[in-house]
Amino acid sequence: MEEEKNLAAEEKAAADLDNSTAEKEAAPIEGEHQGIDFSGVEALSKSEFVPEKWYVSLGHTLAEFLVSALLFLGGFLLDILKALWQVVVGLVFGIKAIVTGIGRFFRGLARIWREGDYGVKVSFGLFGFGNFKVGQIADGIIFLVVEILYLFYMSAVGGSAVVNLIFIGESGRKAVGLLPEGGILTNMDSVRFLILGIFTIIATLAFIYVWYSAIKSAYDGYIIKHNFDFLVAKEDALEVVKNKDKYPGLFTEVNKTYKGREITKLKFISKKAVYKLMRNEYGYPRLSALYISYVDFKRVNKRYPNALQVFFQNIKDGFYARYDKVRNKIRAGKWSNVFAKYLDWKPKAKPSRYGEETVENELSAQINRHRHTYDKYNDYIPQTRDMDGLLKLFDNPLLVEAAIYARDEVSVRNGLEPISMNEHLKPKVAATRIIGAFECSFEDAALAATLYLKKGGLPALEAAGEKLHAKKDAFVEANRTARLASVSGVRKAYTDYEKLRADFDQGKEVFFSTLKNEYGLIKEDADRIYADYSLEIRIGGDETVIKDHLAQRGERYEKLAKTHEEFPFHGQPMHFKRKAKQYLDEKFAVTVMALPVLGALITSIIPLIFSIVIAFTNYNWHALPADDNASLGIFDWSLEGFSKLFSMGNGSIGATFVYILGWTIVWAFFATFLNYILGIVLALMINNKHIKFKGFWRTLFVISIAIPQFITLLGMSKILGDGGPLNTLFYDLGWVNSLSGFWLNNIEHRAISVKITIILVNCWIGIPYTMLSTSGILMNIPEDLYESARIDGASPWTQFWKITMPYILFVTGPSLLTTFIGNINNFNVIYFLTGGGPNDAGTLGLTNNAGMTDLLITWLYKMTVSAAQKQYATGSVLGIVIFAICAFFSLIVYKRMGSTQNEEAFQ
């Protein structure tokens, strides 16, 4: 009893503690939530959530879709106007770029002529001469052979081919005496003239490229051999710009007024005067004076706009200010997302090409590019490194022998059994053990193994080592020691004016003998010093001035001596064997692409050029006349094809073109988007979780894909054709009065029923493709998106338009574009189903065998293949127009796609 009383007391105490805790938690904290009414929140919590009605959600979705479609169409039209403007601007700037490029090309050739030696100059006419001079024998032979072959072709065929191309027509040939009286030519002769002429032009363009390559190759070889001279010349140009105040003869100060304040500009002398000034007054070498004269000193001045430029700049600023106000209003409205791509436009600020800093940066960039391009041709370090690697082997012949027979430390450590000295070994096998012993390259190890095993053992290695030591000493002597001595001799010759002036006065031979014997100079350096002495003495003046000018030239060789001391230079142009090896290594992509590019050139590009050229003639096919001696009316240069295609009037080719173009666009639109939309609907139905036997339904629709398309189309043409089973059934039922003219031959109302039939048949062919591709996309849409949408109360329609459709469009956008362009050129459906028919009965005035359901591509086929008078020129113009239409729409739509605007992630 006592225990029960104690237990009851404990339970009561626990209950009191719980009640007091609950009261404290329920009591409001002092200072918090005082005076706040929570009745509204409580009422909201008790109310039930009522989802939006399905028809309301559908209406909102359709309204939003309609508005988005209209805005998309408006943006598309704006893009078309923008693209047309860009085409005009592109043509203008393209012509400007071509003219500028041609001018830059000839200026570059003029610079090469001025800077190069006689080997480079001879290469302008005799290909490969400069390559022979720098030791590139194979390159020189290839360039020379190309020149000989081209000259032989032009003398044998090419010259007459160009003349025949220019005077391709009958009247022109008679005018220049190429078509004698009674001469007979056919259209095929003109075609032959056209093909040979086009090939000759392409060959000439290729020859010009080879000609420039030969000159540039010789020039590059010359630069590589005289790299330091060119580098110093460019550094001298930069030095003059940075310190232009030290050269008072270079410019004069001009005071002008700009916006009410005086400014100081520098008026520089001409390029020719700059060269003479730097050469004669300041003692710069010829190459340095040339590069200084290349500098556009006028750009050193800061550019101040004139009154006209200020006027146009004010117009631009005012337009942008107004545009900014409109943009802010649009951003604050509800259509900001639609016009987002047009709201971030800003006028592009072009970087200034003027100012001293800009010119200095450009010259510094030129110096860096020169180093990057030509420093890699310095063979001094690679050659000495390679020779040191071989000497490491040749100076240790006993270790080489031990490695060959697996008796060195590495072989013993690897557990190899020693090999008998009498055993016959292969050098390549022995080389592997030499590599382990010396950690050298396989080529060096193979050479050492071959010398030992094939050339005489240890004595052969020792003899090779002696020869290589001598070769290395000679190489270092020629490219380091002797060059340093020569540079020091040149520097001393420029500073010893009093001593050498007497020898100069005694004649050239005495002067050269002193430079060779006492200063150790080679003929090239002696020629340079003699030319500089002659120039200074011929100009005349005080002896002190002459001495100072020559001393200035000598100062530049201090830098050359320091460079050779730290970084000896052995400029060696890349030889043919090394170039060829590159095409199996770092340039292997060029080797792989060579054959496809050649195939594309022969099978696609040249025929395309031929087709474009045909558009500028009046070429069509004429039957042979009865009189064999009569002229066959060969085609001539003409714009007849363009005038025919764009001529308007009843029964004209232009009117036929407009009618067929309209039907082509309508066909492409419905053939693309009906298949697309219905394919998506079919995929959604099959992928619905409530649908059973999904695999069966997919297989059922895939059967139509398994059957070749042309078989399906031919079968449909028989089923729907005159007297076909469907027409027969309708006739038996009394629905039609004839066995013909209902499905594929009805000309009433512009054959509208025939066109609808074609689109429906195309749906049967195309919907399964869209269904398959869309099914794969639907399976990859994350289910979490739909789950989140359902939690937020989104209806099925909202889920479809906000999740499913954007995802499908993002993935299939590029494919949809290619399908649309493919339907514009969809030859099979029309040709195999209706053949372009029904034929016009005269109501529409279609010409050139055009039918009511012909597309541009099928009409082009009829015009050039099946028509009685084959209109090749007009057909070529039509092909150009089809390409322009497809390219125009492709570029506009491609730029608007989300998948191309943001390729990294789905938006």
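Residues numbered from 1 in each chain as written. Predicted model: local features only at pLDDT ≥ 70, side-chain atom pairs only at ≥ 80, totals over all residues. Heavy atoms only, no water.

On to the pattern of salt bridges. Here the structure, examined in full by the defined rule, presents 18 salt bridges. With a shortest N-O distance of 2.4 Å, Lys472 and Asp388 are connected by a salt bridge. Here Lys472, found in helix α20 (residues 458–495), pairs with Asp388, found in helix α15 (residues 380–394); they are 84 residues apart in sequence, far enough to count as distant. Of the charged contacts, one joins Asp527 and Lys523 as a salt bridge, the two residues approaching to 3.0 Å between their closest N and O atoms. With a gap of 4 residues between them, Asp527 and Lys523 both fall in helix α23 (residues 523–539), about one helical turn apart. Classification of Asp527 as partly exposed rests on a relative accessible area of 30%. (Salt bridge = Lys/Arg side-chain N within 4 Å of Asp/Glu carboxyl O. Helix = DSSP H or I, 4+ residues; strand = E, 2+ residues; numbered from the N terminus. Buried < 20%, exposed > 50% of the residue type's maximum accessible area, 1.4 Å probe, protein only.)

On to unusual backbone geometry, then. With an omega dihedral of 5°, the bond running from Gly837 to Pro838 counts as a cis peptide bond. The topology assignment puts Pro838 in the loop between α35 (827–833) and α36 (856–866). Positive phi is not limited to glycine here, since Ala406 has a value of about 60°. By the secondary structure assignment, Ala406 is in the loop between α16 (397–404) and α17 (409–413).

Empty pockets left among the atoms are what a rolling probe the size of a water molecule brings to light. The full count for this structure, using the stated rule, is 1 cavity of 30 Å³ or more. A volume near 40 Å³ is recorded for the largest cavity. Surrounding the largest cavity, Thr617, Asn618, Tyr619, Asn620, Glu640, Gly641, Lys644, Gln871, Ala873 and Thr874 form its lining. When residues of the lining of the largest cavity are traced back to their parent elements, those giving at least two are α27 (640–645) and α37 (872–896). The element contributing the most residues to the lining of the largest cavity is α27, with 3 residues. Among the residues forming the lining of the largest cavity, the class breakdown is 2 nonpolar, 6 polar and 2 charged. (1 Å grid on protein atoms, 1.4 Å probe; cavity = no way out; pocket = protein on both sides within 12 Å on 5 of 7 lines; lining within 4 Å. Points joined across faces, edges and corners; volume = space filled by probe spheres on them. Nonpolar A, V, L, I, M, F, W, Y, C, P; charged D, E, K, R; others polar.)

Here we take up the packing of aromatic side chains. Inspection of the entire model under this criterion finds 42 aromatic pairs. For the pair Phe124 and Trp211, a centre-to-centre distance of 6.2 Å together with 80° between the ring planes defines the contact as edge-to-face. Remark: Trp211 occurs in helix α8 (residues 187–225) and Phe124 occurs in the loop between α4 (118–123) and α5 (129–133); sequence separation between them is 87 residues. One aromatic cluster in this structure is built from Tyr497, Phe504, Phe511, Phe512, Tyr530 and Tyr533. Across from the ring centre of Trp113, 5.6 Å away, lies the NZ or CZ of Lys121, which sits over that ring. (Phe/Tyr/Trp six-rings, centres within 6.5 Å; stacked < 30°, edge-to-face > 60°. Lys NZ or Arg CZ within 6 Å of the ring centre and 35° of its normal.)

Moving on: the side chain of Ser288. With respect to the secondary-structure elements, Ser288 resides in helix α11 (residues 286–294). With near-sequence residues (within four places) excluded, Ser288 lies in contact with Val232, Ala233 and Asp236. (Contact = heavy atoms within 4.5 Å.)

A few words now on helix α26 (residues 588–614). Residue pairs spaced three or four apart in an α-helix point in one direction, given the helix's 3.6 residues per turn. Between its first and last C-alpha atoms α26 spans 38 Å; for 27 residues at 1.5 Å apiece the expected length is 39 Å, and the two agree. In the structure, α26 departs most strongly from a straight axis at Leu601, where the bend amounts to approximately 45°. (Expected span 1.5 Å × (residues − 1). Bend = angle between axes of the 7 residues up to and from the residue.)

A separate point is a nonpolar patch on the surface. A contiguous nonpolar patch, built from Ile691, Phe693, Phe696, Trp697, Leu700, Ile703, Ile707, Phe710, Ile711 and Leu714 and spanning about 950 Å² of accessible area, is present on the exposed surface. When contributions to the nonpolar patch are tallied by element, the ones reaching two or more residues are α29 (694–706) and α30 (709–720). Top element by residues in the nonpolar patch is α29. It accounts for 4 residues. Locating Leu700 in the fold gives a position in helix α29. Among the residues examined, Leu700 registers a relative accessible area of 42% and is labelled partly exposed. (Patch = residues over 30% accessible without salt bridge, like charges linked within 9 Å, V, L, I, M, F, W, Y side chains within 5 Å. Areas by Shrake-Rupley, 256 points an atom, 1.4 Å probe, with all protein chains shown as cover.)

Compared with the 16 Å implied by 1.5 Å per residue over 12 residues, the 16 Å span of helix α18 (residues 427–438) between its first and last C-alpha is a close match. Within the span of α18, buried status applies to Pro427, Ala430, Ala431, Arg433, Ile434 and Phe438. Down the axis of α18, the buried side of the element spans an arc of 165°, and every buried residue falls inside it. Tucked inside the fold, the buried residues of α18 contact α15, α16, α17 and α19 (442–455). Glu439, located one to two residues past α18, shows a positive phi value of around 55°. (Arc of directions from axis to C-beta.)

By size, the foremost hydrophobic cluster in this structure holds 45 residues, and its most contacted members are Leu645, Phe657, Trp667, Ile758, Leu856, Trp859 and Leu878. Counting residues per element, this core draws most heavily on helix α28 (residues 653–687), which supplies 8 residues. Other than its neighbours up to four places away in sequence, Leu878 contacts Leu645, Phe657, Leu856, Trp859, Leu860 and Met863. Membership of the second largest hydrophobic core comes to 42 residues, among which are Ile224, Leu290, Tyr374 and Met574. (Core = buried A, V, L, I, M, F, W, Y, C linked by side-chain atoms within 4.5 Å.)

Its location among the elements puts Leu458 in helix α20. Separated by 64 residues in sequence, Leu458 and Phe394 have C-alpha atoms that sit 9.2 Å apart. Among all residues touching Leu458, those that are not within four sequence positions of it are Pro397, Leu398, Glu401 and Tyr452.

Keep in mind these values describe shape, not function.
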